[in-house]
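Descriptive analysis of the structure
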Amino acid sequence: MAIHQPPTGARDLLPLDVAQKHWIETKLQDVFQRWGYQWIVTSTLERVDALVAGGSVRRDKVIQIYDSESEDLGLRPELTASIARAAVTRMAGVTHPQRLCYSANVFRKPPKGSASRQQEFFQSGVELLGAGGVAADVEVLLLLTDCLERSGVADWHLLLSEAGLTRSLLEPFPQPWRDRVRSAMARLDRLAIEAMPLDPALRDRALILFDLRGRPMDVIQQVGQLDLTPDQQAMLDRLKTTVDLLQDYGRATEQTLPIVLDLSLIQTFDYYTGIVFEAISSADTGHEILGQGGRYDQLLGLYDPDGNSYPGIGFCLNLEPLHRVLSSGERLPNQLPASDWLVVPAGPRARAAAFVYARRLRTEAPSLIRVELDLQPTVTRESARDRARARRIGRLAWVQEDGVIETETITKRKGPEAP
Ligand SMILES: N[C@@H](Cc1c[nH]c[nH+]1)C(=O)O
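Here is a short report on the structure shown in this document. These numbers come from a predicted model, not from an experiment.

What counts, and at which threshold
- Residues numbered from 1 in each chain as written.
- Predicted model: local features only at pLDDT ≥ 70, side-chain atom pairs only at ≥ 80, totals over all residues.
- Heavy atoms only, no water.
- Core = buried A, V, L, I, M, F, W, Y, C linked by side-chain atoms within 4.5 Å.
- Buried < 20%, exposed > 50% of the residue type's maximum accessible area, 1.4 Å probe, protein only.
- Helix = DSSP H or I, 4+ residues; strand = E, 2+ residues; numbered from the N terminus.
- Contact = heavy atoms within 4.5 Å.
- Axes fitted to C-alpha atoms, helices over the stretch in contact; angles between N-to-C directions.
- Left-handed = near helix turned anticlockwise from the far one by under 90°.
- Nonpolar A, V, L, I, M, F, W, Y, C, P; charged D, E, K, R; others polar.
- Near = heavy atom within 4 Å.
- Polar contact = N/O pair within 3.5 Å; in protein donor to acceptor, adjacent residues only side chain to side chain.
- Areas by Shrake-Rupley, 256 points an atom, 1.4 Å probe, with all protein chains shown as cover.
- Lys, Arg positive; Asp, Glu negative; His and termini not counted.
- Salt bridge = Lys/Arg side-chain N within 4 Å of Asp/Glu carboxyl O.
- Pairing = 2+ DSSP bridges.
- Expected span 1.5 Å × (residues − 1).
- Arc of directions from axis to C-beta.

**A few points about the nonpolar core**
Within the largest apolar cluster, 68 residues are counted, with the highest numbers of intra-cluster contacts made by Phe-32, Val-181, Ile-193, Val-223, Phe-315 and Leu-322. Examining the composition of this core, we find that 10 residues originate from one element, helix α4 (residues 134–150), more than from any other. When neighbours within four sequence positions are excluded, Val-181 is seen to be in contact with Leu-170, Phe-173, Ile-193, Met-196, Leu-198 and Ala-206. One finds Ala-104, Ala-163, Tyr-272 and Leu-299 within the second-largest nonpolar core, a separate group that totals 28 residues.

This is the structure:
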């Protein structure tokens, strides 16, 4: 057994990776808090039944941990289902709307045949529970755009769709063609639709649906020309109100929100009932899905013993693609912070005084300072200076056996003053 390697699909994050991930998470967390969202932490392990209840994932895609006598447990593949469960069962009586946010790892089995074996991913996201109107949809979309802007993603756009409308427009297709058209749309495979042995009128309809992508008002107009049922018309009207509100906001803040309406956007999770969206990076480094989400108005009811549901909407940002996109810019830290001080005991009998002085430095500085103790025997002062230089430490404190302290600055870097 190769004990020197992590299991297939697992990845270690080394200190610089962690510093960069932390930088991104801190930016996002700052935005979430400015919009009034509160932290929630749910269990990494869930009952598999709870994970699959809302259609977020198929049972065979869940990484199962063990079968105890009464329950099959699995690692969460995403957080919306867990948060819905916790909100309904553990937070009864809270006032709505409820704004929750998280940063967590999720686990998914890699799809068969995929080149990547990655099984653990990091997400930061929000869920807005108990608000069903257009304003809630717009809040979540604007919060997502704020996250992308504040973290410094240069080129991005939002793909926006309406899961209920797409689902309903696909209803005239008999099975198994409905699923095949749906999956060809999700894969952006127009040729597959052209090759389907469908009745010509149905095939034309599939191609019209496939092509419903572009400037929001143009697409809304094209859909309006289809023969719509009153329900479909209501969904389209709501989408139009959402787009209008976003555009009014854009005009008032003098910005053009990069939104593409794409009714062929199909999310992999089945729990979505209203708008669905993806944030896509359009940078030269390639197309990356930076985040995704949507409205789910039936999900919470699945966890309520009486089946009472209330609306929800949210999104998550995917930290790995976000990290890849930001790595090509200049905003992420590209080295770890160096320590400010190296405290060097003159010999074994000076070690206690060195620990005491290091403690003073750490506690008396007004802001965070990093203080290391030199653990090597000090043969010459120059060897200690070399160790400090090698570790980019700018200040040295020489501690004598009698407790006398001498300080020295070895580079031009400005560090905090010794107390
Ligand atoms: N949990 C979803 C994103 C989401 C959050 N809220 C609604 N949708 C995902 O992992 O893709």
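From this point, the discussion proceeds with the structure in view.
**A word on the packing of helix α1 (residues 15–34) against α4**
Between α1 and α4, the shortest axis-to-axis distance is 9 Å and the interhelical angle comes to 145 degrees. Where α1 crosses over α4, the two elements pack in a sense that is right-handed. Judged by residue contacts, Lys-27, Leu-28, Asp-30, Val-31, Phe-32 and Arg-34 of α1 engage Leu-143, Asp-146, Cys-147 and Arg-150 from α4. Considered class by class, the residues forming the contact of α1 with α4 number five nonpolar, no polar and five charged.

**Some points on the site of the ligand**
Around the ligand, 15 residues are found, and the nearest of them are Glu-78, Thr-80, Glu-127, Tyr-272 and Gln-292. The contact in question runs from an oxygen atom of the ligand to an N or O atom on the side chain of Arg-108, over 3.4 Å. In isolation the ligand has 300 Å² of accessible area, and contact with the protein removes 99% of it. Of all the secondary structure elements, the ones that give two or more residues to the shell around the ligand are β6 (120–129), β11 (288–295) and β12 (312–318).

**As for the side chain of Glu-278**
Relative to the helices and strands, Glu-278 is located in strand β10 (residues 275–281). No salt bridge forms around the buried Glu-278; measuring N to O, its nearest opposite-charge neighbour Arg-213 is 9.7 Å away. Aside from chain neighbours lying at most four places away, what touches Glu-278 is His-157, Leu-158, Leu-159, Leu-265, Gln-267, Ile-289, Gly-291 and Gln-292.

**Structural notes on the sheet that holds strand β13 (residues 341–345)**
The strands making up a sheet are joined through hydrogen bonds of the backbone, oriented either antiparallel or parallel. Pairing is mixed across the open sheet formed by four strands, whose spatial order is β14-β13-β15-β16. Either end of the sheet is taken by a strand with one partner, and the two such strands are β14 (371–373) and β16 (405–409). Strand-to-strand twist of the sheet, defined as the mean angle between neighbouring strand axes without regard to direction, takes the value 20 degrees. The sheet contact formed by β13 and β14 spans three bridges and is parallel. Residue pairing for β14: Leu-342 is matched across the bridge by Glu-372. Helix α13 (residues 351–364) contacts β13, β14, β15 (395–399) and β16 of the sheet and is inclined by roughly 160 degrees relative to β13. The strands touched by helix α14 (residues 381–390) are β13, β15 and β16; relative to β15, the strand with the most contacts, the crossing angle is about 145 degrees.

**Describing α1**
The terminal C-alpha atoms of α1, which comprises 20 residues, lie 28 Å apart, in line with the 28 Å expected from a rise of 1.5 Å per residue. Among the residues of α1, those classed as buried are Gln-20, Lys-21, Trp-23, Ile-24, Glu-25, Leu-28, Val-31 and Phe-32. Those residues of α1 hidden inside the fold are in contact with β1 (38–39), β5 (98–107), β6, α4, β12 and α12 (319–327). Gly-36 sits one or two residues past α1 and shows a positive phi near 85 degrees.

**Topic: α13**
Over its 14 residues, α13 extends 20 Å from the first C-alpha to the last, a length consistent with the 20 Å expected when each residue adds 1.5 Å. For α13, the complete set of buried residues consists of Ala-354, Tyr-357, Ala-358 and Leu-361. All buried residues of α13 lie within an arc of 100 degrees about the axis, which places them on one face of the element. Within α13, the exposed residues directed more than 90 degrees away from the buried face are Ala-352, Val-356, Arg-359 and Thr-363. Looking at the buried positions of α13, the neighbouring elements they touch are β13, β14, β15 and β16.

**A closer look at the side chain of Glu-139**
On the secondary structure map, Glu-139 appears in helix α4. Separated by 2.8 Å, the side chains of Glu-139 and Arg-99 make a polar contact. Those residues within four positions of Glu-139 in sequence are excluded, and the remaining contacts are Trp-35, Tyr-37, Arg-99 and Leu-128.

Nothing here speaks to function; it is geometry throughout.
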